[in-house]
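A structural walkthrough
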Amino acid sequence: MPENRGQTRLYLSDDERWQAIKSRDKTADDHFVYAVTTTGYYGLPSAARILPPRESVCYFTDSNAAQAAGYRASPPELPVTLTYPEKWLSIVEMVCNALDNADSAPSLASLAQQCGISQTYLHRLFKAVTGLTPKSYSAGLRACRLRTQLANPQQSVTEAIYQAGYNANSRVYESASGRLGMTPKRYREGGEGSTIYFALGQCSLGAILVAQSEKGICAISLGDDPEPLINQLQTQFPHAELRGGDNHYEQYIADVIRYIEQPRLTWHLPLDIQGTVFQERVWRALREIPIGTTASYSDIAERLGAPKAVRAVAQACAANRIAVIIPCHRVIRRDGSLSGYRWGIDRKQVLLSREKAHRNTD
C-alpha cells in the first residue's frame, strides 16, 4: 500500500464511503466494508456489483465488525449480491444506474423500454433482487439527495428541492417531508419550530407516554417509570419543543390505553410514521398481522419479497417508536419462542396472551 494512501483518504464520513462504493474505489477496501440491511450481506466497496439504496447501507471498519453485527460475507470475493440470473443482475444494475444519474425520476415505462423488457417483468425482477420497487428505490434516492442539498446553506430550500430531483415543491411536501419527519425548512433548521405534544398515564403494562406531532401520533412508549420515558422522547426529538398535553389531548392517551386493554377495537387516529423506505414497508406488514396471531421475522421478510432480509426486518422492529399500534410484539422467532422487545419481554408476553384471549372470545 502506498505510504500516503491512508493519509490522503481515510473515508471517515458516510458521504466519502458512499462515494467510494459508487465509484468501486479499490483504495477504500483497506479502510472499511459495507453491509446491506435488506440482504444481510457485507462486502468490499470495490466489489459492489449493484448499487444498493443508500438508506439500506451501513458501514463497518472491517469484516470482523460486520460479522459481529450479524452480517455474512457474500461470495465470491464479497460482492454484496444474492444468487440471481446474470441477466437479472445486468438489468437491475442498468436500472439502478439510470435512477441514480437521472435529474428527475424516470417512469417505469421508460426504464422498461431502455432495458427492452415489459414493465411487469422489470417491476418483478427489480423487487426480487433489491427488495424494493423501482419507484420506492427512486424515492429513497431523492430523499437522501434532499438531505444532502438541504445541508448546503448557500442555496435556498426551493433550489435544494429541485437539485434533489423533485419537479415541484408540492411533491416534496406530499412525500419527502414524511421521510424527513418534518418540512424541508424545519429539517434545515434542525427541527427547531416543531412542536410535539405528549401526555403520561398508567395502564396495565405500567407507565405509558403518547406523543403527537402536527401529522399524528409519533411515539408510544411503555416503561416502569414516567421519567425515563420523557428522557427518551427528548432524545428522539432533540430539536423539537415538547409540551405537556392539555385536557383535550388527554383523550388521545385514553384512546391508546383503551386499545391496549381491548385489542378488538379498530385503530382510527392518524400516525406520524418516520423511517427508511424498508422500515416503513416492515411496519406496514406488521399492521397486517391479525390480532391474536403471530409471524416470524422470516415470514415478514418473505412477504416483502426479500427472504434474505431477516436481520433487516428484526432491526426495523427494534427501531419502531410506536408501541402496540405498530405491533412489533406479534413478531417471534421461527421456532415459536419470544425474541427481544423494546419495551420488555414480559410486556410482549402479556400483549400476546391478551390478544389471543380476545380472539378466542370473538
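The following paragraphs examine the structure supplied in this document. (Residues numbered from 1 in each chain as written. Predicted model: local features only at pLDDT ≥ 70, side-chain atom pairs only at ≥ 80, totals over all residues. Heavy atoms only, no water.)

1. Re the packing of helix α4 (residues 86-101) against helix α5 (residues 108-115)
Closest axis-to-axis distance for the α4/α5 pair is 10 Å, and the angle between their directions is 130°. As summarised for this structure, α4 and α5 are arranged oblique, according to the angle between their axes. Considering how the two elements wind past one another, α4 and α5 form a crossing that is right-handed. Between α4, through Ile91, Met94, Val95, Ala98 and Leu99, and α5, the contact on the second element is made entirely by Leu111, Gln114 and Cys115. Class assignment of the residues belonging to the contact of α4 with α5 gives a composition of seven nonpolar, one polar and no charged. (Axes fitted to C-alpha atoms, helices over the stretch in contact; angles between N-to-C directions. Helix = DSSP H or I, 4+ residues; strand = E, 2+ residues; numbered from the N terminus. Parallel < 35°, antiparallel > 145°, perpendicular 65-115°, else oblique. Left-handed = near helix turned anticlockwise from the far one by under 90°. Contact = heavy atoms within 4.5 Å. Nonpolar A, V, L, I, M, F, W, Y, C, P; charged D, E, K, R; others polar.)

2. Some remarks on the nonpolar core
Of all hydrophobic cores here, the largest spans 44 residues; its most connected members are Ile208, Ile217, Ile220, Leu222, Val282, Leu286 and Ile300. The dominant element in this core, judged by the number of residues it contributes, is helix α12 (residues 250-261), at six residues. Apart from residues lying up to four places away in sequence, Ile220 is in contact with Ile208, Leu209, Val210, Val256, Arg321, Ile322, Ala323, Ile325 and Trp343. In this structure, Tyr11, Ala98, Leu111 and Leu125 belong to the second largest nonpolar core, which totals 30 residues. (Core = buried A, V, L, I, M, F, W, Y, C linked by side-chain atoms within 4.5 Å. Buried < 20%, exposed > 50% of the residue type's maximum accessible area, 1.4 Å probe, protein only.)

3. Brief notes about α4
Here α4 spans 23 Å end to end across 16 residues, near enough to the 22 Å set by a 1.5 Å rise per residue. Within α4, burial applies to Leu89, Ile91, Val92, Val95, Cys96, Ala98, Leu99 and Asp100. (Expected span 1.5 Å × (residues − 1).)

4. Some words on the sheet that holds strand β4 (residues 72-73)
Pairing in this open sheet of four strands is mixed, and the strands run β3-β1-β2-β4 from one edge to the other. Edge strands, defined here as strands with exactly one partner in the open sheet, are β3 (57-60) and β4. Judged from the four bridges that link them, strand β1 (residues 33-36) and β3 form a sheet pairing that is antiparallel. Within the sheet, the bridge partner assigned to Ala35 lies in β3 and is Cys58. Where helix α2 (residues 14-22) meets the sheet, its contacts fall on β1 and β3, and the angle it forms with β3 comes to roughly 105°. (Pairing = 2+ DSSP bridges.)

5. So, the packing of helix α13 (residues 277-287) against helix α15 (residues 310-319)
The contact between α13 and α15 brings their axes to 9 Å, and the two run at 80°. The angle between the axes of α13 and α15 places the two elements in the roughly perpendicular class. Contacts between α13 and α15 involve Phe278, Gln279, Val282, Trp283 and Leu286 on the former and, on the latter, Ala312, Val313, Ala316, Cys317 and Ala319. In the contact of α13 with α15, the residues fall into nine nonpolar, one polar and no charged.

6. Quick word on α2
Taken as a whole, α2 has its buried residues at Arg17, Trp18, Ala20 and Ile21. Around the axis of α2, the buried residues are gathered within 155° of arc, so they sit on the same side. Looking at the buried positions of α2, the neighbouring elements they touch are β1 and β3. Positioned one or two residues after α2, Arg24 has a phi angle of 55°, which is positive. (Arc of directions from axis to C-beta.)

7. What to know about the pattern of salt bridges
Tallied over the entire structure, the rule returns six salt bridges. Between Arg330 and Glu355 there is a salt bridge, with the nearest N and O atoms lying 3.0 Å from each other. Linking Arg330 in the loop between α15 and β10 (331-332) with Glu355 in helix α16 (residues 345-361), this pair joins segments that are 25 residues apart in sequence. You can call Glu355 buried: its relative accessible area is 3%. (Salt bridge = Lys/Arg side-chain N within 4 Å of Asp/Glu carboxyl O.)

8. Some points on the pairing of β1
With burial as the criterion, each face of β1 is covered, one bearing Val33 and Ala35 and the other bearing Tyr34 and Val36. Of the pairings in the sheet, the one linking β1 to strand β2 (residues 41-43) comprises three bridges and is antiparallel in character. Bridged to Ala35 within β2 is Tyr42.

9. Observations concerning the side chain of Asp25
By the secondary structure assignment, Asp25 is in the loop between α2 and β1. For Asp25, a relative accessible area of 16% puts it in the buried group. Here Tyr11 takes part through its side chain, which lies 2.6 Å from a polar atom of the side chain of Asp25. Here the side chain of Asp25 touches Thr27 through a polar contact of 2.9 Å, landing on its backbone nitrogen. (Polar contact = N/O pair within 3.5 Å; in protein donor to acceptor, adjacent residues only side chain to side chain.)

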